[in-house]
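The residues making up each chain are set out below.
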Amino acid sequence: MTEPPGAAVRTVDLKKTYPASGPRPAVPAVQGIDLDVPRGEFFGLLGPNGAGKSTTIGMLTTLVVPTGGSAQVCGLDVVKDAVEIKRRIGVVSQNNSLDSDLTVAENLEFRGRYFGLGARDARRRAAELLELFGLTEQRGGSPFEISGGQAKRVMICRALMHGPEVLFLDEPTAGLDPQTRANLWEVLRGLQASGQTIVLTTHYMEEAEALCDRVAVVDHGRILASGTVDQLKSSAGADTVITVSYDAAAPQEIKRLGDRDGISKVEVNDGQVRVFATEPDGILGELVDLGSTAGVGVTDASQLRPSLETVFLSLTGREYRD
Amino acid sequence: MSTAVLAPPPPARATIPRTFAAMMAREARVMRKNFLSTFIRVLVQPVMFVFVFAYVLPKLGGGATAGGPGGPTFSTILVPGLVGSSIIMQAMMAVIFPLMMELTWQKSITDRALAPVPVPLLAVQKIIAAATQGLIGGLLVFPAVLLIHAEGQAPKVHVDDWPILILVMVAGALMSAAGGLLLGTLLNPQKVQVMFAMVLLPMTMLGCVYYPWSALDHIRWLQILSLLNPLVYISEGLRSALTPAIPHMPAWAFLLAIVGGTILLTWAATRTFTKRVLT
Ligand SMILES: Nc1ncnc2c1ncn2[C@@H]1O[C@H](COP(=O)(O)OP(=O)(O)OP(=O)(O)O)[C@@H](O)[C@H]1O
Ligand SMILES: [Mg+2]
């Protein structure tokens, strides 16, 4: 294939508002997203539930119609050139979208045929992929009879049947046990090593850190920050985050810690104190001492090393929870 | 599990006709798997019906003959009606049942929606596939209605006009499938049970299956109301092609309704389907 060089994915001010329906008001799920993913990159969209990740993936894979801005995949417009884009992408959806009337192997076989493979080529390719992903035993099973992890792997096989230029994965490891997740990570790393462009969404910080060349942190339909994991960690107040909860209002003096070198930010919220520090040594002890001097006890304390999680905390002021 | 040796796929050209053909091949595969269960379901009702009305009741000497002594047997009236209702039921169910799964259960329609064809073409593909099942359902009913009857109660069937017969069966099946797709994309799944009770049952009971439309002269309001029922045109069209001796609607009337209905319903269903698939 002769490919024009250029971005695998490019969006400009991409928006999606789901229209109101009945008592439910309109939902501004994506509110202006700019993405630029070069070919060969492993790109991650990281955000909590409802951030707009699936909606974004939906628009890029032509199944959700944007209500504003523009998006291109392989240089093609997602609205005008939807059919040509579909020829070039592979998609692993968040839910099990396997064809329930077909067996596992038939799911792959027919996917290949939809993409122009002859019946025999499709069968052979399906068998190869099932073998590679350790699914040969499941090939005759119905998509209902396999485990969640197996279903995800089948969907990845299905997405790879026609050798897509860009592979989209929407939360491929959500709900999988750690062992299965580690296996999938290996698979994805292998694909990346072979030059596959991958766009993945996840709400697992460690997943984005482990896999992605670049990450965009999204929340409420907007990109809060983007860059390599290291860039994010060093930019957005990428500090160790020390959180202490007191059993009463936090002592006033704590706010003054914010002036000290090595501490970038102090947030006080009733009994909860959060200190963002580049030099975290000793701070936790100090917070406990300040508490006992003022006569309040500590009910909970934690210290998070710089990670995407602390980036998220400093960007949103909210804990990153599933 | 290792992808180190994943080879590129063999070269392929995904043209729209090829993809369309592959989707039809999928339908054929699924139909073959479910053949028995699907078609037993359609056959039971007409077989029971002809058994009771063309065999049991005449044997009992009941007044089950339609036109009195010398008139057409009831079985003659039933042939086009039962074939028509089988076409419509089978075509509608063939599109609605899978659709309920595909649009709700994990939205598995995305499996097909990601195939490289425009989404409206996917709707057309569903209509054609379901219409094929409707046709098979109609053809399977023929032997039952032709063969099951008491002595002297044989239906008088003579194909007068093959082109009309084929046109009515094919277009009728397409119209039914398109209507099914329209209903399936408009209704939410919880309402499907209700729809079967409220739409399909009255439609078959009042679809001129058990009497010719002209016989409704005596109940004028029902005769006029029946014109809203698509099955009436299929039954009457088949009546004109299979049992021309029985009074039936003029060809222009049922052809206009069936062909016009097919075009209109296909257009509408394609739109509603596309709206449901693309959010
Ligand atoms: N079809 C829809 N109709 C209306 N609102 C929707 C629809 N799909 C998603 N939303 C809303 O849009 C917002 C973003 O949803 P989206 O599924 O894109 O989030 P997400 O980041 O993928 O979340 P998750 O991690 O839970 O998968 C949510 O508020 C959701 O309720
Ligand atoms: Mg999602």
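Please read all numbers here as calculations on a predicted model, not as lab measurements. (Residues numbered from 1 in each chain as written. Chains lettered and ligands numbered in written order. Predicted model: local features only at pLDDT ≥ 70, side-chain atom pairs only at ≥ 80, totals over all residues. Heavy atoms only, no water.)

Draft legend 1. Representation of the overall build of chain B. Summing up its helical and strand segments, chain B has ten helices and zero strands in all. Walking chain B from its N terminus toward its C terminus, one meets helices and strands in the order α-α-α-α-α-α-α-α-α-α. Expressed along its principal axes, the backbone C-alpha trace of chain B runs to roughly 80 × 35 × 35 Å. Counting the 279 residues in chain B, one finds 50% classified as buried. Contacts spanning at least 24 positions in sequence make up 83% of the contacts within chain B whose residues lie at least 6 apart. Carbon and sulfur atoms make up 73% of the accessible area of chain B, which amounts to about 12500 Å² in all. Counting 18 positive and 8 negative side-chain charges, chain B places the centres of these two groups 14 Å from one another. (Helix = DSSP H or I, 4+ residues; strand = E, 2+ residues; numbered from the N terminus. Buried < 20%, exposed > 50% of the residue type's maximum accessible area, 1.4 Å probe, protein only. Contact = heavy atoms within 4.5 Å. Areas by Shrake-Rupley, 256 points an atom, 1.4 Å probe, with all protein chains shown as cover. Lys, Arg positive; Asp, Glu negative; His and termini not counted. Charge placed at Lys NZ, Arg CZ, Asp CG, Glu CD.)

Draft legend 2. Looking closely at the domain arrangement of chain A. Each assigned domain of chain A is listed here: domain 1 (9-233) and domain 2 (239-305). For domain 1 of chain A versus domain 2 of chain A, the separation of C-alpha centres amounts to 41 Å. (Domains from an automatic or database assignment.)

Draft legend 3. Just helix α1 (residues 53-60) of chain A, in detail. Among the eight residues in α1 of chain A, seven count as buried, and that is most of the element. Backbone geometry just after α1 of chain A places T62 of chain A at a positive phi near 75 degrees.

Draft legend 4. Broad picture of the coordination of the magnesium ion (ligand 2). Around the magnesium ion (ligand 2), the protein contributes the donor atoms S54 of chain A (OG) and Q94 of chain A (OE1), which lie 1.9 to 2.1 Å from the metal centre. Note that S54 of chain A is positioned in helix α1 and Q94 of chain A in the loop between β6 (89-92) and α3 (104-114), a separation of 40 residues in sequence. (Donors = N, O, S within 2.8 Å, 3.2 Å for Na, K, Ca; no water.)

Draft legend 5. View of the sheet that holds strand β14 (residues 298-304) of chain A. Residue and element names in this part refer to chain A. Taken together, four strands build an open sheet; the order of strands is β12-β13-β11-β14 and the sheet is antiparallel. Because the sheet does not close on itself, it has two edges, and the strands there are β12 (263-269) and β14. Averaged over all neighbouring strand pairs, the angle between strand axes comes to 10 degrees, with direction disregarded. Here β12 pairs with strand β13 (residues 272-277) via six bridges, running antiparallel. Pairing of I263 across the sheet is with A277, part of β13. Packed on one face of the sheet, helix α10 (residues 308-316) meets β11 (240-246), β12, β13 and β14 and runs near 115 degrees to β13. (Pairing = 2+ DSSP bridges. Axes fitted to C-alpha atoms, helices over the stretch in contact; angles between N-to-C directions.)

Draft legend 6. Main features of the side chain of S85 of chain B. Its place among the elements puts S85 of chain B in helix α3 (residues 74-103). Assessed through its relative accessible area of 6%, S85 of chain B is described here as buried.

Draft legend 7. Spotlight on the pairing of β6 of chain A. All names here are of chain A. Neither face of β6 is left uncovered, since the one carrying I89 and V91 and the one carrying G90 and V92 both have all their residues buried. Bridge count between β6 and strand β7 (residues 166-170): four bridges; the pairing is parallel. Paired with V92 across the two strands is L169, which belongs to β7.

Draft legend 8. Layout of the interface of chain B and chain A. Between chain B and chain A, the residue contacts involve 42 residues of the former and 48 residues of the latter. In this assembly, chain B and chain A are joined by eight salt bridges. Its salt-bridge partner being D99 of chain A, residue R26 of chain B comes within 2.5 Å of it at the nearest N-O pair. Along the contact surface separating chain B from chain A lie 17 residue pairs in polar contact (both at pLDDT 80 or more). Tallying contributions element by element places helix α1 (residues 16-33) of chain B first for the side of chain B that touches chain A, with ten residues. A class-by-class count of the residues in the side of chain B that touches chain A yields 26 nonpolar, eight polar and eight charged. (Salt bridge = Lys/Arg side-chain N within 4 Å of Asp/Glu carboxyl O. Polar contact = N/O pair within 3.5 Å; in protein donor to acceptor, adjacent residues only side chain to side chain. Nonpolar A, V, L, I, M, F, W, Y, C, P; charged D, E, K, R; others polar.)

Draft legend 9. Spotlight on the sheet that holds β7 of chain A. All names here are of chain A. With mixed pairing, the six strands of this open sheet are ordered in space as β6-β7-β8-β3-β9-β10. Strands at the two margins of the open sheet, each flanked by one partner only, are β6 and β10 (222-228). Across the sheet, the mean angle separating the axes of adjacent strands is 15 degrees when strand polarity is ignored. Note: strand β9 (residues 214-219) against β10, six bridges, orientation antiparallel. Across the sheet, residue A216 finds its bridge partner in β10, namely S226. Sitting on the sheet, α1 is in contact with β3 (42-46), β6, β7, β8 (197-202) and β9, with an inclination near 150 degrees to β8. Along the sheet, helix α5 (residues 148-160) makes contact with β6 and β7, crossing β6 at roughly 170 degrees.

Draft legend 10. Fine view of a nonpolar patch on the surface. Residues and elements named next belong to chain B. On the surface, L36, I40, V44 and M48 cluster together into a nonpolar patch covering about 400 Å² of accessible area. Relative to the elements of secondary structure, V44 occurs in helix α2 (residues 35-60). With relative accessibility at 43%, the residue V44 sits in the partly exposed group. (Patch = residues over 30% accessible without salt bridge, like charges linked within 9 Å, V, L, I, M, F, W, Y side chains within 5 Å.)

Draft legend 11. Focus on the nonpolar core. Ranked by internal contacts, the top residues of the largest apolar core, which has 106 residues, are F168 of chain A together with L82 and F273 of chain B. Broken down by element, the residue count for this core peaks at 17 residues, all from α3 of chain B. With near-sequence residues (within four places) excluded, F273 of chain B lies in contact with L99, I109, V119, L122, A123, K126, L181 and T185 of chain B. Membership of the second largest hydrophobic core comes to 46 residues, among which are A126, L132, L167 and A225 of chain A. (Core = buried A, V, L, I, M, F, W, Y, C linked by side-chain atoms within 4.5 Å.)

Draft legend 12. Fine view of the site of ligand 1. Residue and element names in this part refer to chain A. The environment of ligand 1 is formed by 14 residues, the closest being G50, K53, S54, T55 and E171. A distance of 2.9 Å separates an oxygen atom of ligand 1 from a polar atom in the side chain of N49. For ligand 1, the accessible surface in isolation is 630 Å², of which the surrounding protein chains cover 67%. Contributions of two or more residues to the shell around ligand 1 are made by β2 (27-38) and α1. It is α1 that provides the largest number of residues to the shell around ligand 1, a total of three residues. By residue class, the composition of the shell around ligand 1 is five nonpolar, six polar and three charged. (Near = heavy atom within 4 Å.)

Draft legend 13. A look at unusual backbone geometry. Of note in the backbone geometry, H220 of chain A takes a positive phi value of approximately 50 degrees without being a glycine. Mapped onto the elements of the fold, H220 of chain A is located in the loop between β9 and β10. On the basis of relative accessible area, H220 of chain A is assigned to the exposed category, the value being 51%. A positive phi angle is found at C208 of chain B, which is not glycine, with a value near 55 degrees.

Draft legend 14. Main features of the confidence of the model for chain B. Residue-level pLDDT values for chain B average 85, and 94% of them are 70 or greater. Of the two predicted TM-score estimates for the complex, the pTM is 0.86 and the ipTM is 0.85. (pLDDT = per-residue confidence, 0-100.)

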